[in-house]
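Notes for the structure review
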Amino acid sequence: MRQISLLAALTVFIVSVVVSPAAADDGFADVYDGDAYCRGVLSDVWVEGNVYVKPGHRCVLDHAYVKGNVKVDTGRLTLRDSYVEGNVYSSHAARLVVKSSVVEGNLVAKFTKRYFVDGMEKPSAVVRSEVYGNIRLARNMAKYVLRANQVDGNIEVFYNRGPVRIVMNYVDGNITCEENLYPPYLRGNWVNGSVYCR
């Protein structure tokens, strides 16, 4: 095992938030029998199907349980204190933020745009979350921060034009970075596999 930082690994386990499937739908205010189309805020919801973010709009999923996938295309997505049984897939999004959530599948972000508020760029981020599959960042223009996550698969960072920070994550697989404009910044990660970043 490649031990980059024991403190980082312990930090991830302490601060990560897991939403239990045992909560089922009896603890949620709203239940969607099929797919849900998000524009604005969906809070305290159980979704039997997929969640789609309306193109060009902002979606906040707060304390949500999603049986399917979450997909955003050209919009903005914030996933907070939520559980997704499928994948999170982002393509050409204005911004993606995942905080204190669980994704059983993969988290894939491609072609994310730069996002500015009052002239200052706000990064996309995956923070204090657990991903059972892989995190893959590819061909993004935006800044990305991966911090204090537990990743059972790999972290893959390819062909990005914006800077990427990978800090204090527990990764059971590998961290691989190739063909990025800026070399990703790595610090305090605990990696069970190998690290190859250039």
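1. Some thoughts on the pairing of strand 20 (residues 155-158)
- Going residue by residue along strand 20, you find I155 and V157 tucked away on one face and E156 and F158 tucked away on the opposite face as well.
- Two strands pair when backbone bridges link them, and strand 17 (residues 135-138) and strand 20 are joined in this way by 4 bridges, in the parallel orientation. Bridge assignment links R136 to a residue of strand 20, and that residue is E156.
- For strand 20 and strand 23 (residues 175-178), the ladder comprises 4 bridges, and the chain directions are parallel. Note on strand 23: the bridge partner recorded for F158 is E178.

2. Side note on unusual backbone geometry
- Even without being glycine, A148 reaches a positive phi, approximately 55°.
- Within the secondary structure layout, A148 lies in the loop between strand 18 (144-147) and strand 19 (150-151).
- Classification of A148 by relative accessible area gives buried; the value is 6%.
- Despite not being glycine, Y159 shows a phi value in the positive range, around 60°.
- Take Y159: it is sitting in the loop between strand 20 and strand 21 (164-167).

3. Let's talk about the state of the cysteines
- Summed over all chains, the structure comprises 2 disulfides.
- Between the sulfur of C38 and that of C59 lies a disulfide, 2.0 Å long from S to S. Judged by the torsion about the S-S bond (95°), the C38/C59 disulfide is right-handed. Here C38 is found in strand 2 (residues 36-38), whereas its partner C59 is found in strand 5 (residues 58-66), with 21 residues between them in sequence.

Calculation rules
- Residues numbered from 1 in each chain as written.
- Predicted model: local features only at pLDDT ≥ 70, side-chain atom pairs only at ≥ 80, totals over all residues.
- Heavy atoms only, no water.
- Buried < 20%, exposed > 50% of the residue type's maximum accessible area, 1.4 Å probe, protein only.
- Helix = DSSP H or I, 4+ residues; strand = E, 2+ residues; numbered from the N terminus.
- Pairing = 2+ DSSP bridges.
- Disulfide = S-S within 2.5 Å.

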